[in-house]
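Below are the chains, spelled out letter by letter.
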Amino acid sequence: MKGYWLVLGTDVTDADAQADYGRLWASIAARYGARVRRGDDAPALVEAGDKSRILLVEFESLALAKACYDDPEYQAARAFALRAATRELVIFAGDLG
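Residues numbered from 1 in each chain as written. Predicted model: local features only at pLDDT ≥ 70, side-chain atom pairs only at ≥ 80, totals over all residues. Heavy atoms only, no water.

## Observations concerning the overall build of the protein chain
Regarding its fold elements, the protein chain presents three helices and four strands. Moving toward the C terminus, one meets the helices and strands of the protein chain in the order β-α-β-β-α-α-β. By the compact-globule yardstick of 13 Å for 97 residues, the protein chain fits well, its C-alpha radius of gyration being 13 Å. Projecting the C-alpha coordinates of the protein chain onto the three principal axes gives extents of approximately 35 × 35 × 20 Å. The buried share of the protein chain, reckoned over its 97 residues, is 31%. Sequence separation of 24 or more characterises 81% of the internal contacts of the protein chain that already satisfy a separation of 6 or more. On the protein chain, roughly 5600 Å² of surface is accessible, and the fraction owed to carbon and sulfur atoms is 54%. Distance between charge centres in the protein chain, computed from 12 positive and 15 negative side chains, equals 3 Å. (Helix = DSSP H or I, 4+ residues; strand = E, 2+ residues; numbered from the N terminus. Rg over C-alpha atoms; globule rule 2.2 N^0.38 Å. Buried < 20%, exposed > 50% of the residue type's maximum accessible area, 1.4 Å probe, protein only. Contact = heavy atoms within 4.5 Å. Areas by Shrake-Rupley, 256 points an atom, 1.4 Å probe, with all protein chains shown as cover. Lys, Arg positive; Asp, Glu negative; His and termini not counted. Charge placed at Lys NZ, Arg CZ, Asp CG, Glu CD.)

## Here we look at the nonpolar core
Ranked by size, the top nonpolar core spans 15 residues in total, and within it Trp5, Trp25, Ile28, Phe59 and Cys68 carry the most contacts. Tallying contributions element by element places helix α1 (residues 15-32) first for this core, with five residues. Not counting chain neighbours up to four residues away, the residues in contact with Cys68 comprise Trp5, Trp25, Ile28, Tyr32, Phe59 and Tyr74. (Core = buried A, V, L, I, M, F, W, Y, C linked by side-chain atoms within 4.5 Å.)

## Here we look at the sheet that holds strand β3 (residues 53-59)
Strands pair in a sheet through their backbones, by hydrogen bonds, and they do so in one of two ways: parallel or antiparallel. The strand order across the open sheet formed by four strands is β2-β3-β1-β4, and the pairing between neighbours is antiparallel. Of all the strands in the sheet, just β2 (35-36) and β4 (87-94) have a single pairing partner and so form its edges. Examined bridge by bridge, β2 and β3 share two bridges and lie antiparallel to one another. Bridge pairing in β3 places Arg35 opposite Glu58. Across the sheet, α1 touches β1 (2-9), β3 and β4, and the angle it forms with β3 is around 20 degrees. The sheet contacts of helix α3 (residues 72-84) involve β1 and β4, and relative to β4 the element is tilted by about 135 degrees. (Pairing = 2+ DSSP bridges. Axes fitted to C-alpha atoms, helices over the stretch in contact; angles between N-to-C directions.)

## Focus on the packing of α1 against helix α2 (residues 62-70)
Between α1 and α2, the least distance of the axes is 10 Å, while the angle of their chain directions is 150 degrees. What the angle tells us is that α1 and α2 run roughly antiparallel. When you trace α1 past α2, the crossing you get is right-handed. Between α1 and α2, the residues in contact are Trp25, Ile28 and Tyr32 and Leu64, Ala67 and Cys68, respectively. Residues of the contact of α1 with α2, tallied by class, amount to six nonpolar, no polar and no charged. (Parallel < 35°, antiparallel > 145°, perpendicular 65-115°, else oblique. Left-handed = near helix turned anticlockwise from the far one by under 90°. Nonpolar A, V, L, I, M, F, W, Y, C, P; charged D, E, K, R; others polar.)

Dropping the structure here:
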């Protein structure tokens, strides 16, 4: 069964921090085999509250999704993401195809 991160975020308020996060995330994602679901695979944000962005990141397993989140390098990158926008991140297992 695959593992996923579901990230709900507000508009980016610090573009520089978001760019730093993206730069750091690229190598971390490669190491954990993370794939951002895009296009027809992307979820729709229909009841957003204060959120304006949604992202679904797929991993080969729940264990990899958790390990990536717990990785010290990711935690360092995460600080930039939290500076860039307000967000919520949910980790779950499933098979979304």
